[in-house]
Each structure stands twice: as structure tokens, then as C-alpha cells.
Amino acid sequence: MAGRGTDIKLGRGVSDLGGLHVVATERHEAGRIDRQLFGRAARQGDPGSAVAIVSLEDELVVRHAPHASGFLRKRYGRTEREVSGPLTWRLFNAAQRRAERLSLSQRKSVLKADDWLDEYLGFAGAER
């Protein structure tokens, strides 16, 4: 993501054209990353906008909401028109929340295993 940690200064005339427009081509497993990306637009009172262009075949929904995404793919079929609405947005949000819960669970498991190793293999001797 370009520009992390610094504000993107708009060039001459860019404000008149609507400012910085952020286009996301997928939703990330962590909503925090999406919010950081969308937050790049409209900084410091400058104009701007953000949009996510996603697919029902994106890895996020196929991996973390396979039944619901499969149902919607069958319902809408292969179409060139935009498929957008409350149901599709709920699907992406639910898949993202599930991915975040899974990542949290995995991090907790790693910490638990690390604590176990420290406790049971700590007999190896202390450095002096």
C-alpha cells in the first residue's frame, strides 16, 4: 500500500478533479487493512473517495464462506452486470470476520505452544 505513514500531497488541480480515488480489487482477511487502504483517500480535508470492486469468486469468500458464496454464484450465474446489495456485502463482511477470528485463534495457539515449550523445556539450563 503506497503512502503508509505519510500523507499523500495532492498535486495542482487534483482537488478540482475530485481528489485521490482509491480502488481496491479485493477485500483483505483483516478489515484493518481495508480501513487503512480506504483511509488514504480524503485525508487532511482533501476531497477523495474509495471503492472496492470484488468478485463472488474472490479467495476471501470462497475460503471463509464457501456455502454462501456458492449459493450466490448459482443464483446470479455468470453475469457481466454488477451484483451488489446488502446480501453480498454481508457475505464479504461475514467472511472477513471469520478470517479474523481464525487468525486470532491461530495466534493464540502459537502463543500457548510457545508458553508450553518455555515451561517444559526450560530445564535445559540457564545462561550465566
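Position numbers for residues start from 1 in each chain and track the written sequence from start to end. Residues qualify for local features only when their pLDDT is at least 70, as the model is predicted, and side-chain atom pairs are given and counted only at 80 or more; totals for whole chains, interfaces and linings, by contrast, use all residues. Values shown for side chains rest on all heavy atoms present in the structure; no hydrogens or waters enter the calculation.

> Could you give an account of the overall build of the chain, with specific residues and numbers?
Per the convention used, a helix needs a DSSP run of H or I reaching at least four residues, while a strand needs a run of E reaching at least two, with both numbered from the N terminus. Along its length, the chain carries 4 helices and 2 strands. N-terminal to C-terminal, the α/β element order of the chain is β-α-β-α-α-α. Each residue is placed in one exposure class: buried if its accessible area under a 1.4 Å probe, protein chains only, is under 20% of its type's maximum, exposed if it is over 50%, and partly exposed if it falls in between. Per-residue burial for the chain yields a buried fraction of 20% across its 128 residues. Of the contacts formed within the chain by residues at least 6 apart in sequence, a portion of 67% connects residues at least 24 apart. Summed over all atoms, the accessible surface of the chain reaches about 9800 Å², with 52% contributed by carbon and sulfur. Contact definition: two residues touch when any of their heavy atoms are within 4.5 Å. Residue exposure ignores everything except the shown protein chains as possible cover, and the areas themselves are Shrake-Rupley values with a 1.4 Å probe.

> Lay out helix α1 (residues 31–38) with the relevant residues and their values.
When we look at burial in α1, the residues that qualify are Gly 31, Asp 34 and Leu 37. The buried residues of α1 occupy one face: seen down the axis, they fall within an arc of 120°. Looking at the buried positions of α1, the neighbouring elements they touch are β1 (20–24) and α4 (86–120). Summarising the geometry, the arc corresponds to the directions from the helix axis toward the C-beta atoms.

> Explain the packing of helix α3 (residues 66–76) against α4 to me, using residue names and the numbers behind them.
Angles shown run from 0 to 180 degrees and are taken between the N-to-C directions of axes, each axis being a line fitted to C-alpha atoms and, for helices, limited to the stretch in contact. Where α3 contacts α4, the axes come no closer than 10 Å and their chain directions differ by 150°. As judged from the angle between their axes, α3 and α4 are roughly antiparallel. Once α3 is placed against α4, the crossing between them reads as left-handed. Note on element contacts: α4 touches α3 through Leu 87, Thr 88 and Leu 91, opposite Ala 68, Ser 69, Leu 72 and Arg 75. Just so you know how the angles are binned, under 35 degrees is roughly parallel, over 145 roughly antiparallel, 65 to 115 roughly perpendicular, and the rest oblique. Here a crossing is called left-handed whenever its near helix is offset anticlockwise from the far helix by less than a right angle, and right-handed whenever the offset is clockwise.

> Run through the nonpolar core, naming residues and quoting values.
The term nonpolar core refers to a set of buried residues drawn from Ala, Val, Leu, Ile, Met, Phe, Trp, Tyr and Cys, joined through side-chain atoms within 4.5 Å. Core analysis: the largest hydrophobic core is formed by 9 residues, namely Leu 56, Leu 60, Val 61, Ala 65, Leu 72, Leu 91, Phe 92, Ala 95 and Ala 99. Elements with a contribution of two residues or more to this core: α2 (59–64) and α4. Looking at this core, the element that brings in the most residues is α4, giving 4 residues. Excluding its chain neighbours within four sequence positions, the residues that come into contact with Leu 91 are Leu 56, Val 61, Ala 65, Ala 68, Ser 69 and Leu 72. Counting residues in hydrophobic clusters, the runner-up holds 5 residues, among them Val 22, Ala 24, Leu 37 and Ala 52.

> I'd like to hear about the pairing of strand β2 (residues 48–52), residue by residue, with values.
By this definition, two strands are paired if DSSP reports at least two bridges between them. Examined bridge by bridge, β1 and β2 share 5 bridges and lie parallel to one another. Each residue of the ladder has a partner; that of His 21, found in β2, is Ser 49. Crossover handedness is defined by viewing with both strands directed away from the observer: a clockwise path from the first strand over the helix to the second marks the crossover as right-handed. In this region the chain leaves β1, passes through α1 and returns to the parallel neighbour β2; the handedness of that crossover is right-handed.

> Account for the side chain of Thr 88, naming residues and giving values.
Examined against the element boundaries, Thr 88 turns out to sit in helix α4. Thr 88 sits in the buried class, given a relative accessible area of 5%. Leaving out residues up to four positions away in the same chain, Thr 88 has contacts with Leu 56, Leu 72 and Val 83.

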